[in-house]
Amino acid sequence: MTGRQGPALSRRALLGTGLGIGAAALTAAGSGTAQAAPAPAAAPSAPSRGHAFLAAAMDAYPEHGAVRLAQSYTDQAGLFSTAFTYDNALAILAHLSARTPVGLSRAVALGDALLYAQLHDPVYDDGRLRQAYNVGPYTFYDGTRQPDGFVRADGTVNVGTQFGFTGTAVGDMAWAGIALSALAHRTRARRFLTGAVRIGEWIERTGRTDEPLGGYKFGVNGADEKLPFTSTEHNTDLVCLFGRLARLTGDRVWRERRARAEAFVQRMWEPDGGFFYTGTNDGVTINKSPLPEDTQTWTHLALASRTRAYSGSLDWCAAHLAVVDHADRPNSTVPAGQSYEGVTFSSASLVANEGAPIAEGQPRPDRNAVWFEGTAHLALALRDRHGRGDETRARRLIASLERAQDLLGSGQTVGGKALPERSGVVSASSPLDTGFGFGYYPYRHTGATAWYLMAAARCNPLRA
């Protein structure tokens, strides 16, 4: 989460490399006359392998019931069966982007799981969702056994307490609402719109602020204490959510709320540099550093349908956050002979201390590590803008994402089970310091894979 002095281990907080490529052969057959054998079945496409990863992450614990969310990272990341709300919202949107019956069925199942969580929280009944949930059993580092799936024996949902993922961020809520509103639009099922409206109302009650810079604040921590930060990213998410609720409900109040969130985003624009600042800590002073990637690309995805005034943020991002990672880089974990291009998380990532761990017990960062989720953001935004040279640049970024899916993160598992071959995009090419107190590593990741799939399908999830 950007602009937001968040916890040391966030929904995005979190190594592995490898490869595996198969080959096919022709055979000869017939009585005396050589004949070509039937053509072998086509190898699964890169997007189909991405969807296979999302399916595996969702189906990792079949013995724990049909109401389920997708595990966010592979087991090797050390977060066990954690399912972040944000990642699952993205998985819904990626399944919908496939426009297939199977994709719709999976999206509906994940949407119903979010609704279940909304209605069966062990403490609250006010429309909120938590940062993350447990979706399968494991033994924690201290030897404590966590025996349950997503739904506990008493019917309540299994909140991610072991890592402290018990708070509720406005951005996570907004993405869940965006996913539910997309399901409402696709299926016409009233329950999804009801859930999205409850999310919007929780954000209005909890996040609205009358501070000078306005907008909606960060959310609450695990003790239900309001957090003082206001994030450009979060308010960008709300431009989409509130806009969708305005169209789906016909209630004009959502237009006023969308305008409030959009006004905050516009105040974060720096015209001289052509970029957006990350937000504010106190509602009065704009944070000038670091400058994150998602505040440059998501703003375009959310606002471009109404104004092109800010589309230069994509050029700033492509110019100032561009990286190329290869084995000769300090602290790179990319295998020899491979290289990956894309963007990093923020301006702070480019000046990270390469001699010190990102956090205690974690590896040292590579300043040129590629953040693959953000690389997919930029590829999709360039395709959405479709200016001169944008499609060519986007295709290069998508090729880098697909190469990463092919070659990085082999041998990783979800729920102790092997993944389909070459499926799922790792979150970063090498250890990456975000500059916000947490890191990313080469573990296959539901969120990064979902963004890749949406970029490949040209599906903009932030368009109201």
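Residues numbered from 1 in each chain as written. Predicted model: local features only at pLDDT ≥ 70, side-chain atom pairs only at ≥ 80, totals over all residues. Heavy atoms only, no water.

**Student:** So, the overall build of the protein chain: which residues are in play, and what are the values?
**Tutor:** Counting secondary structure elements, the protein chain contains 12 helices and 20 strands. When its C-alpha atoms are laid out on the principal axes, the protein chain stretches across 85 × 55 × 45 Å. Carbon and sulfur atoms make up 53% of the accessible area of the protein chain, which totals about 17200 Å². (Helix = DSSP H or I, 4+ residues; strand = E, 2+ residues; numbered from the N terminus. Areas by Shrake-Rupley, 256 points an atom, 1.4 Å probe, with all protein chains shown as cover.)

**Student:** So, the packing of aromatic side chains: which residues are in play, and what are the values?
**Tutor:** Counted according to the given criterion, the structure contains 30 aromatic pairs. Here Arg257 stacks its cationic end above the ring of Trp254, 4.6 Å away from the centre of that ring. The residue whose ring lies beneath Lys417 is Tyr61, and the NZ or CZ to ring-centre distance is 6.0 Å. (Phe/Tyr/Trp six-rings, centres within 6.5 Å; stacked < 30°, edge-to-face > 60°. Lys NZ or Arg CZ within 6 Å of the ring centre and 35° of its normal.)

**Student:** I'd love a proper account of the environment of Asp75, names of residues and values included.
**Tutor:** Structurally, Asp75 can be placed in the loop between helix 1 (46-58) and strand 3 (82-84). Residue Asp75 is classed as partly exposed on the basis of its relative accessible area of 23%. Distance in space between the C-alpha atoms of Asp75 and Arg444 is 9.4 Å, their sequence separation being 369 residues. From its side chain, Asp75 meets the backbone nitrogen of Val414 in a polar contact 3.5 Å long. Here Gly416 takes part through its backbone nitrogen, which lies 2.7 Å from a polar atom of the side chain of Asp75. (Buried < 20%, exposed > 50% of the residue type's maximum accessible area, 1.4 Å probe, protein only. Polar contact = N/O pair within 3.5 Å; in protein donor to acceptor, adjacent residues only side chain to side chain.)

**Student:** So, the sheet that holds strand 9 (residues 226-227): which residues are in play, and what are the values?
**Tutor:** Strands in a sheet are paired, the pairing made by backbone hydrogen bonds, and the direction either parallel or antiparallel. Within the open sheet, the 3 strands sit side by side as 7-8-9. Their pairing is antiparallel. The outermost strands of the open sheet, each flanked by one partner alone, are strand 7 (168-169) and strand 9. (Pairing = 2+ DSSP bridges.)

**Student:** An account of the environment of Gln362 is requested, with residue identities and associated values reported.
**Tutor:** Within the fold, Gln362 resides in the loop between strand 16 (339-343) and helix 10 (372-385). Once the C-alpha coordinates of Gln362 and Pro330 are considered, the two residues, 32 residues apart in sequence, prove to be 15 Å apart. With residues up to four places along the chain from it excluded, the contact list for Gln362 reads Pro357 and Tyr441. (Contact = heavy atoms within 4.5 Å.)

**Student:** Residues and numbers for the sheet that holds strand 10 (residues 230-231), please.
**Tutor:** Spatially, the 3 strands line up as an open sheet ordered 10-13-14, and their pairing is antiparallel. Each edge of the open sheet is held by one strand with a lone partner, namely strand 10 and strand 14 (286-287).

**Student:** Which residues make up the environment of Arg244, and what values go with them?
**Tutor:** Tracing the chain through its elements places Arg244 in helix 6 (residues 232-249). Note: C-alpha distance between Arg244 and Trp254 (10 residues apart in sequence) is 8.5 Å. Arg244 has contacts with Ile178, Ser181, Ala182, Pro461, Arg463 and Ala464, leaving out every residue within four places of it along the chain. One polar contact links Arg244 to Ser181, side chain to side chain, over a distance of 3.5 Å.

**Student:** Help me get a handle on the pairing of strand 15 (residues 322-326), residues and values and all.
**Tutor:** Only one face of strand 15 is buried: it carries Val323 and Asp325, and the other face, with Ala322, Val324 and His326, is open. Pairing of strand 15 with strand 16, which is carried by 5 bridges, proceeds in the antiparallel orientation. Paired with His326 across the two strands is Ser339, which belongs to strand 16.

**Student:** Tell me about the packing of helix 1 against helix 12 (residues 446-457), and please be specific about residues and values.
**Tutor:** At their nearest, the axes of helix 1 and helix 12 sit 10 Å apart, and the two run at 145° to each other. Read as a crossing pair, helix 1 and helix 12 show a hand that is left-handed. Between helix 1, through Ala46, Pro47, Gly50, His51, Phe53, Leu54 and Ala57, and helix 12, the contact on the second element is made entirely by Thr446, Thr449, Tyr452, Leu453 and Ala456. Here the residues of the contact of helix 1 with helix 12 are counted per class, giving 8 nonpolar, 4 polar and no charged. (Axes fitted to C-alpha atoms, helices over the stretch in contact; angles between N-to-C directions. Left-handed = near helix turned anticlockwise from the far one by under 90°. Nonpolar A, V, L, I, M, F, W, Y, C, P; charged D, E, K, R; others polar.)

**Student:** So what's going on with the pattern of salt bridges? Residues and values would help.
**Tutor:** Between side chains of opposite charge, a pair can form as their charged atoms come close. Scanning the model with the defined rule gives 28 salt bridges in all. Across the pair Arg329 and Glu354 runs a salt bridge, and its minimum N-O distance is 3.6 Å. Taken together, the residues span a long stretch of sequence, with Arg329 in the loop between strand 15 and strand 16 and Glu354 in the loop between strand 16 and helix 10 at a distance of 25 residues. When its relative accessible area of 18% is taken as the criterion, Glu354 is described as buried. (Salt bridge = Lys/Arg side-chain N within 4 Å of Asp/Glu carboxyl O.)

**Student:** An account of helix 5 (residues 190-207) is requested, with residue identities and associated values reported.
**Tutor:** Across its 18 residues, helix 5 extends 25 Å between first and last C-alpha, which sits within 8% of the 26 Å expected from 1.5 Å per residue. Buried within helix 5 we find Phe192, Leu193, Gly195, Ala196, Ile199, Gly200, Trp202, Ile203, Glu204, Thr206 and Gly207. (Expected span 1.5 Å × (residues − 1).)

**Student:** Pulling in residues and values, what's your account of unusual backbone geometry?
**Tutor:** Here Ser289 and Pro290 are connected by a cis peptide whose omega angle stands at -5°. Inspection of the secondary structure assignment puts Pro290 in the loop between strand 14 and helix 8 (294-303). Of note, the phi angle at Arg422 is positive, near 55°, even though the residue is not glycine. Relative to the helices and strands, Arg422 resides in the loop between strand 18 (417-418) and strand 19 (432-433). A positive phi angle, near 60°, is found at Arg458, a position not held by glycine. Secondary-structure assignment places Arg458 in the segment after helix 12. Judged by its relative accessible area of 46%, Arg458 falls in the partly exposed class.

**Student:** Please give an account of the side chain of Ser313 that cites residues and values.
**Tutor:** Within the element layout of this structure, Ser313 appears in helix 9 (residues 312-320). Relative accessible area serves as the criterion here: at 0%, Ser313 is assigned to the buried category. Once residues lying within four places of it in the same chain are set aside, the contact partners of Ser313 are Trp269, Gly274, Phe276, Gln296 and Thr299.

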